[in-house]
Amino acid sequence: MNKVILVVFFLLAIITAQSQVRVGLWEPYYKGNTKKSVFFTGNSLEDYTGSSNEHGTAVGYILTINNPNLEIYHAGFVPTTQYLTESGVLSLTVEKRLQNLKSEYDCWNRFVTQTVAWFKKEKVKIVNMSFGNSAVIFAENNPNLGHTYAERLKVAREWMTHFQNAFDKAFKSAPEILFIVAAGNDELDVEESFDVPAISSESNVLCIGALSKDGRRKISNYGKQIDIYIPAEDVEWVDAEGNKQYSSGTSLAVPQIANKAVLKLAENPKISVAKLKEFLISKS
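Figured I'd write up the structure that's included with this text. (Residues numbered from 1 in each chain as written. Predicted model: local features only at pLDDT ≥ 70, side-chain atom pairs only at ≥ 80, totals over all residues. Heavy atoms only, no water.)

## Here's the deal with the overall build of the chain
Going by this rule: Counting from the N terminus, the helices are DSSP H or I runs at least four residues long and the strands are E runs at least two residues long. In this description the radius of gyration comes from C-alpha coordinates, and the expected globular size is given by 2.2 Å times residues to the power 0.38. Summary of the burial criterion: residues with accessible area below 20% of their type's maximum are buried, those above 50% are exposed, and those between are partly exposed, where the area comes from a 1.4 Å probe applied to protein chains only. Only heavy atoms matter for contacts: two residues are in contact if any of them lie within 4.5 Å across the pair. To measure how exposed things are, a 1.4 Å probe is used in the Shrake-Rupley method; for residues, cover is taken only from the protein chains shown. His is not counted, nor are the chain ends; Lys and Arg add positive charge and Asp and Glu add negative charge. Taken as the charge location is NZ of Lys, CZ of Arg, CG of Asp or CD of Glu.
Looking only at helices and strands, the chain has nine helices and 12 strands in total. Relative to the compact-globule value of 19 Å for 284 residues, the chain shows a C-alpha radius of gyration of 20 Å, a close match. Relative to its 284 residues, the chain shows a buried fraction of 49%. Taking as baseline every contact in the chain between residues at least 6 positions apart, the subset at least 24 positions apart corresponds to 72%. For the chain, the accessible area works out to roughly 13900 Å², and carbon and sulfur atoms hold 54% of it. The positive charge centre, built from 30 side chains, and the negative charge centre, built from 31, are 9 Å apart in the chain.

## Brief notes about the nonpolar core
Basically, it comes down to this: Among buried residues, those of type Ala, Val, Leu, Ile, Met, Phe, Trp, Tyr and Cys that are joined through side-chain atoms within 4.5 Å constitute a nonpolar core.
If you look at the biggest cluster of nonpolar residues, it comprises 47 residues, and the most contacted ones within it are W26, M129, F163, F167 and F179. Sorting the residues of this core by element identifies β2 (34-40), β4 (70-76), α4 (94-121), β5 (126-129), α5 (135-141), α6 (149-173), β7 (178-182) and β9 (205-211) as the ones contributing at least two each. When near neighbours in sequence (up to four residues on either side) are disregarded, F179 contacts V116, V127, M129, F171, A174, N204, V205 and L206. Core analysis: the next-biggest nonpolar cluster, separate from the first, contains 36 residues, I126, L206, I271 and L280 among them.

## Structural notes on unusual backbone geometry
Note the cis peptide between V196 and P197, where omega equals 5°. Mapped onto the fold, P197 is located in the loop between β8 (195-196) and β9. Although it is not a glycine, K123 sits at a positive phi angle of roughly 60°. Summarising the element assignment, K123 is placed in the loop between α4 and β5. Residue D234 is not a glycine yet carries a positive backbone phi of 55°. Note that D234 resides in the loop between β10 (228-231) and β11 (235-238).

## Structural notes on helix α8 (residues 250-267)
Convention followed: In this analysis, the expected span of each helix is defined as 1.5 Å times one less than the number of residues it contains.
Helix length check: α8 (18 residues) gives 26 Å between terminal C-alpha atoms against 26 Å at 1.5 Å per residue, within 8%. Counting buried residues along α8, 14 of its 18 residues qualify, which places the element largely inside the surrounding structure.

## Side note on helix α9 (residues 273-282)
Just so we agree on the cut-off: The arc under discussion is defined with respect to the helix axis, by the directions toward the C-beta atoms.
Within the sequence span of α9, burial applies to V273, L276, K277 and L280. Taken down its axis, α9 places every buried residue within 100° of arc, on the same side. The exposed residues of α9 that point more than 90 degrees off its buried face are A274 and S282. Looking at the buried side of α9, the elements it contacts are β7, β9, β10 and α8.

## Quick look at the sheet that holds β7
Applied cut-off: The pairing criterion is simple: DSSP has to find at least two bridges between the two strands. Here the axes come from fitting lines to C-alpha atoms, over the contacting stretch only for helices, and the angles between their N-to-C directions go from 0 to 180 degrees.
The mixed open sheet is built from eight strands, whose spatial order is β3-β2-β4-β1-β5-β7-β9-β10. Each edge of the sheet is formed by a strand with only one pairing partner; in this case those strands are β3 (45-47) and β10. Strand-to-strand twist of the sheet, defined as the mean angle between neighbouring strand axes without regard to direction, takes the value 25°.

## Focus on the packing of aromatic side chains
Let me state the cut-off plainly: Two rings from Phe, Tyr or Trp (for Trp, the six-membered ring) form a pair when their centres are within 6.5 Å of each other. A pair whose planes differ by under 30 degrees is stacked, one over 60 is edge-to-face, and the rest are tilted. Placement of a charge over a ring requires the Lys NZ or Arg CZ to be within 6 Å of the ring centre, with the centre-to-atom vector within 35 degrees of the ring normal.
Enumeration over the complete set of coordinates arrives at 22 aromatic pairs. Taking the centre distance of 6.4 Å and the plane angle of 70° together, the rings of Y105 and W159 count as edge-to-face. Residue Y105 is found in helix α4, and its partner W159 is found in helix α6; the two are separated by 54 residues along the sequence. Stacked on the ring of Y229, the Lys or Arg K218 has its end atom at 5.0 Å from the ring centre. When the ring centre of F279 is taken as origin, the NZ or CZ atom of K264, which lies over that ring, is 4.4 Å away.

Geometric descriptors of this kind do not, in isolation, establish any biological role.
The structure is reproduced here in structure tokens:
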């Protein structure tokens, strides 16, 4: 009898181990129950032991709620505009800033390339990307990209094109991973706002838009790149002190879909990226 019980427990342990799904949480700051956590310093990825913030807490909570089948691999980074401010780039003259662009492109290319390579090495199956930036917002937040708004927007689109090219190249290098990305919250056509990485057309990218609570209006970017729209207005989450909070936007829509993806992968670990993407679109 004891032998039978031991065999049953052994089989249950195998089944449980197989049902675990490795999920990449690509989120600026996050401190939660992670399997591993790294942080991009500007040159390379290093072990991360820092704290979370409201955004990271909200995204992580929604990703994990009622979902015991995931192991989180967190890749952190300083958000784009914050990094440019802290590096002193935003204090340069227009001429100096334009001369500095190649080093900026190189830095963010390293960020994308190294992070996706790390996800691949860790055998991550899904990556939650509740972040992005648009040429429109970038032009507004970077006054030294040009002397006029038209000049700034032109350079901002070039900047974002380099950034998007880095994402697309990295996405192509990891066809075994489904990248679930936010459409952005400018309430513009994605191509007009030039929101990165939402404008990607790679087959292993799933782009998520947000709807109002009643599902009647879009509260995010829109356009042909958006695969799924789901309600993401006043979404409930719990902060580090255990208090209920409510937030809106595509950052909260993405982990809702990633949560579903984890459940499906736990049920069927061998499902292809294409079939998983098809399932999520059909069930949302």
